[in-house]
Amino acid sequence: MSLKCGIIGLPNVGKSTIFNLLTNLSVPSLNFPFCTINPNIGFAPVMDDRLLELEKIVYPEKVIRTFVKIVDIAGLVKGASQGEGLGNKFLSQISEVDSLIHVVRTFQKENILHVENKIDPLHDIEIINTELIFSDIEVCEKNLLLKKNYKNFNKDLVLQEKKILKKCLLHLQKFSFLKTLKLSSIELSYIKRFKFLTLKPTLFLINADLNQKNNILLNKLKDFLKNDHTQMIFPHLFHKNQSKIKKNNDISKIIRSIYQMLNLETFFTVGKKEIRAWPFLKNSRAIQVAKVIHSDFSKGFIRAKVISYLDFIKYKSENHAKKFGKLRLEGKDYIVHDGDIIHFLFNV
Ligand SMILES: Nc1nc2c(ncn2[C@@H]2O[C@H](COP(=O)(O)OP(=O)(O)OP(=O)(O)O)[C@@H](O)[C@H]2O)c(=O)[nH]1
Ligand SMILES: [Mg+2]
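Calculation rules
Residues numbered from 1 in each chain as written. Chains lettered and ligands numbered in written order. Predicted model: local features only at pLDDT ≥ 70, side-chain atom pairs only at ≥ 80, totals over all residues. Heavy atoms only, no water. Helix = DSSP H or I, 4+ residues; strand = E, 2+ residues; numbered from the N terminus. Buried < 20%, exposed > 50% of the residue type's maximum accessible area, 1.4 Å probe, protein only. Contact = heavy atoms within 4.5 Å. Areas by Shrake-Rupley, 256 points an atom, 1.4 Å probe, with all protein chains shown as cover. Lys, Arg positive; Asp, Glu negative; His and termini not counted. Charge placed at Lys NZ, Arg CZ, Asp CG, Glu CD. Donors = N, O, S within 2.8 Å, 3.2 Å for Na, K, Ca; no water. Near = heavy atom within 4 Å. Polar contact = N/O pair within 3.5 Å; in protein donor to acceptor, adjacent residues only side chain to side chain. Nonpolar A, V, L, I, M, F, W, Y, C, P; charged D, E, K, R; others polar. Pairing = 2+ DSSP bridges. Axes fitted to C-alpha atoms, helices over the stretch in contact; angles between N-to-C directions. Parallel < 35°, antiparallel > 145°, perpendicular 65-115°, else oblique. Expected span 1.5 Å × (residues − 1). Domains from an automatic or database assignment. Buried area = accessible area lost by both parts, 1.4 Å probe. Salt bridge = Lys/Arg side-chain N within 4 Å of Asp/Glu carboxyl O.

Some words on the overall build of the protein chain
The secondary structure content of the protein chain amounts to twelve helices and twelve strands. Principal-axis analysis of the C-alpha atoms gives the protein chain an extent of 65 × 65 × 35 Å. For the protein chain, buried positions account for 48% of its 348 residues. In the protein chain, 68% of the contacts between residues at least 6 apart in sequence involve partners at least 24 apart. Summed over its atoms, the accessible surface of the protein chain is roughly 18,600 Å², and 53% of this surface lies on carbon and sulfur atoms. In the protein chain, which carries 54 positive and 34 negative side-chain charges, the distance between the mean positions of the two groups comes to 4 Å.

Description of the coordination of the magnesium ion (ligand 2)
Protein-derived coordination of the magnesium ion (ligand 2) comes from S16 (OG) and T36 (OG1), at a distance range of 2.0 to 2.1 Å. Residue S16 is found in helix α1 (residues 15-23), and its partner T36 is found in the loop between α1 and β2 (40-46); the two are separated by 20 residues along the sequence.

Quick notes on the site of ligand 1
The environment of ligand 1 is made up of 22 residues, and the closest members are K15, T17, C35, T36 and N207. S16 places a polar main-chain atom, nitrogen or oxygen, 2.8 Å from an oxygen atom of ligand 1. F34 is positioned such that a nitrogen or oxygen atom in its backbone is 2.8 Å from an oxygen atom of ligand 1. Relative to its unbound accessible area of 650 Å², ligand 1 is 88% covered by the protein chains. Ranked by the residues each element gives to the shell around ligand 1, the list is headed by α1, at three residues. Classifying every residue of the shell around ligand 1 gives ten nonpolar, ten polar and two charged.

What to know about the pairing of strand β10 (residues 301-307)
With six bridges joining them, β10 and strand β12 (residues 341-346) adopt antiparallel strand pairing. Bridged to R303 within β12 is L345. As paired elements, β10 and strand β11 (residues 328-330) share three bridges and run antiparallel to each other. Its bridge partner being in β11, K305 is matched across the sheet by L329.

Brief notes about the packing of helix α4 (residues 121-145) against helix α7 (residues 216-226)
Close contact between α4 and α7 brings their axes to 9 Å; oriented N to C, the two are set at 40°. Accordingly, the angle class assigned to the pair α4 and α7 is oblique. The segment α4 lies against α7, with P121, L122 and I125 engaging L217, K220, L221, F224 and L225. Taken together, the residues of the contact of α4 with α7 sort by class into seven nonpolar, no polar and one charged.

Describing helix α5 (residues 155-173)
Helix length check: α5 (19 residues) gives 27 Å between terminal C-alpha atoms against 27 Å at 1.5 Å per residue, within 8%. Taken together, the buried residues of α5 touch α4 and α6 (185-191). Of the residues that open α5, the one with a side-chain oxygen 2.9 Å from the backbone nitrogen of D156 is N154. Trailing α5 by a residue or two, F175 shows a phi angle of about 65°, which is positive.

So, the domain arrangement of the protein chain
Interfaces are often sized by the accessible area lost when the parts come together. In terms of domain boundaries, the protein chain breaks down into domain 1 (4-261) and domain 2 (283-346). Each of domain 1 and domain 2 was reduced to a C-alpha centroid, and the two centroids are 34 Å apart. With five residues of domain 1 in contact, the opposing surface of domain 2 contributes seven residues. Counting each side, the surface lost to burial between domain 1 and domain 2 is near 550 Å², with a carbon and sulfur contribution of 75%. It is R50, L54 and I57 in domain 1 that bury the most area against domain 2; as a group they hold 84% of the surface buried on that side. At the junction of domain 1 and domain 2, the tally comes to one salt bridge.

Side note on the pairing of strand β1 (residues 4-8)
The buried count for β1 comes to four of five residues, which makes it a mostly enclosed element. Relative to strand β5 (residues 99-105), β1 is paired through four bridges, and the arrangement is parallel. Across the sheet, residue G6 finds its bridge partner in β5, namely L100.

Below, the structure is given as structure tokens:
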């Protein structure tokens, strides 16, 4: 399962700083624009209290959390979609991730350079949004112009795809994100391969000063984001004198939001050797979920022994849960639930 969340925003707003906090790495985060050119990749551990509860019952040798993959991408500037500041390269890196964290600066510190020479978060968001929209417009236009040889392609499919692309283009030209265009799941499946940037779920992260709580600038920004259907977390993360507990709580909250944005849920495998949390895409079938552990589990799938998390906590072992009828034998089409404790039976 390698779903990725990319960190985007203007240069020098704190993207690598947040990347380091989420992944516990120390990539350079210095006070000059384009400190990051090549993307940094790291993993952020997903905290899950259920692992602690399971550990208290099983006393395993090892406990393994799940992770989300984070990509720290270079900053975008005005004109990025026209190639400004290597913009095209960075936009194509954004197209490769599944969700976004958009970092916005409201902190005032004068010695930290701002590429627009003023602290105006709404203006900053507009710059980034414009570049994302322009990039999607270009993808639509390019593909609408593409002449396909119908000998090699199914004509109906090509025409259908073009019809949806036209609908997308019209929407983007009104300066709207594709996220706000009503598209059926079939339409979405037609355009999936274009990896549109304005379709990606986004979490705005505000990099604020500690003493900024009731600041006019910040309130304006909060108000602006309220109408957007995106989540927003206000972390005070970047400050050295912030308490460690609060900081860690905020970091966990952000990582969990990313996990949700990626549409991920968790199942567990439980044994004396290890307890492990595994990610899976919400509403997946048992046979798809088995693949998260190993492709053999899916290829040779026989059955899944399933106990819900709460039943396991209550009965404290597979045998005991079984005695009380709480262990289910499920087939390959079973829709896995968040918290399921699964033991796959397979044969290869
Ligand atoms: N005062 C203050 N400085 C910050 C804050 N967040 C980041 N910085 C500083 O701002 C500078 C830029 O931070 P980075 O994390 O490198 O920013 P970036 O967005 O990754 O920058 P590029 O990779 O150049 O696009 C560094 O000197 C950070 O220490 C903050 O909340 N307050
Ligand atoms: Mg950086």
